[in-house]
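Single-letter residue listing:
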Amino acid sequence: MATDQDFDDFDDDDASDGTEMSFLGHLEELRWHILRSVASFFIFAVAAWFFREFIFSSIILGPTKTDFYTNQILCQAADLFNMPSLCMQKADFILQSREVSGQFMMALTQSIIVGLLFAFPYMFHELWRFIKPGLKSKELKAARGAVFWVSVLFFSGVAFGYFVVAPMAINFLANFKLDPSIQNQFDINDYISLLSMLTLACGITFQLPMVAFVLSQVGILTPSFMREYRRHALIVIFIVAAIITPSPDVVSQLLVAFPLLGLYEISIGVSGRVLKRKMREEEMESNS
């Protein structure tokens, strides 16, 4: 298993050598980091363009199908616990493209989104390489494995949004009708925007432990503060779960709420570790 030291060594080639760069030197360095980031995004976006039909039919439209992985698992759970409401119905809607360039723009949009998703770890790595030389040794030691953990949390959130949140939200909205005579006909761009928003929002939300780490590192957040307001956080999490999953099914809301609660508890642990390390370092400095 990879360790934090392994991922820290991965960035050692850009460690500060103690020399200072001029302002123009920093701009030149930033320009190359940006260029490499844009190049990585462009490569993944072009690859996604060549596989656009597979991406659209199998991935983007996946959450609308009854044989989607999530729905299969939920239907098995519905049979096991005798709760038919868990098994999602067939999404009752029709996708339309109402503009002449609609399908072309849709293919371009999905390629851009896929390119950003897959290029994210490398783009963050380039950002970290630019920031790293300006950090002190203690800060570098504390931030070991930053690229690895940010990437893991981001992709975990995207997976959670795609496999859990998006199918439930899309299924509920597609089957919600004021009257049976009204047929749901959605624009394809609106559908892609909804799917992207749900998955990316979860990817950002899953960065909560890293946010807790940074805020604890600068002394803004403490584990005691998070424990004191745990009940308030619990209420907020269930409200967010109710908004993300418009379905009135309590089980669906719990499926969304439990991972968020887990992230909050992990964040408390992260904040506690940062506090203990800072206290240990202060004790060592006072004894020296």
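Residues numbered from 1 in each chain as written. Predicted model: local features only at pLDDT ≥ 70, side-chain atom pairs only at ≥ 80, totals over all residues. Heavy atoms only, no water.

- Named according to an unreviewed UniProt entry, the protein chain is Sec-independent protein translocase protein TatC originating from Aquirufa originis.
- Of the comments in the UniProt record for the protein chain, the one headed Subunit (unreviewed entry) reads "Forms a complex with TatA." (UniProt positions renumbered as here; feature names shortened; annotations may be inferred.)

### Quick notes on the nonpolar core
Here comes step 1: By size, the foremost hydrophobic cluster in this structure holds 40 residues, and its most contacted members are I60, F160, Y191, L195 and V256.
Here comes step 2: Setting aside residues no more than four positions away along its own chain, Y191 makes contact with I60, L61, P63, T64, F93, L95 and I170. (Core = buried A, V, L, I, M, F, W, Y, C linked by side-chain atoms within 4.5 Å. Buried < 20%, exposed > 50% of the residue type's maximum accessible area, 1.4 Å probe, protein only. Contact = heavy atoms within 4.5 Å.)

### Topic: the pattern of salt bridges
Here comes step 1: In this structure the tally under the stated criterion is three salt bridges.
Here comes step 2: We note a salt bridge from R129 to E126, for which the minimum N-O separation is 3.1 Å. Here R129 pairs with E126, and both are found in helix α5 (residues 102-131), just three residues apart, close to one helical turn. Accessibility assignment for this pair places R129 and E126 in one class, buried.
Here comes step 3: If you follow the salt bridges from partner to partner, you end up with R36, E126 and R129 in one network. (Salt bridge = Lys/Arg side-chain N within 4 Å of Asp/Glu carboxyl O. Helix = DSSP H or I, 4+ residues; strand = E, 2+ residues; numbered from the N terminus.)

### Let's talk about the packing of aromatic side chains
Here comes step 1: Tallied over the full model, the rule gives 15 aromatic pairs.
Here comes step 2: Centre to centre, the rings of F93 and Y191 are 6.2 Å apart; their planes meet at 25°, and the pair counts as stacked. With F93 in the loop between α4 (69-81) and β1 (94-96) and Y191 in helix α8 (residues 188-205), the pair connects residues that are 98 residues apart, well separated along the chain. Across this residue pair, the class does not change: F93 and Y191 are buried.
Here comes step 3: Between the NZ or CZ atom of R31 and the centre of the ring of W32, over which it lies, the distance is 5.1 Å. (Phe/Tyr/Trp six-rings, centres within 6.5 Å; stacked < 30°, edge-to-face > 60°. Lys NZ or Arg CZ within 6 Å of the ring centre and 35° of its normal.)

### Section: the confidence of the model for the protein chain
Here comes step 1: Across the protein chain, pLDDT averages 80, with 86% of residues at or above 70.
Here comes step 2: For the protein chain, helix α1 (residues 4-9) is the element with the lowest average pLDDT, namely 44, and helix α3 (residues 52-60) is the one with the highest, namely 89.
Here comes step 3: Here residues 1-18 scores under 50 on pLDDT; set against residues more than four positions off or in separate chains, the count is 21 contacts. (pLDDT = per-residue confidence, 0-100.)

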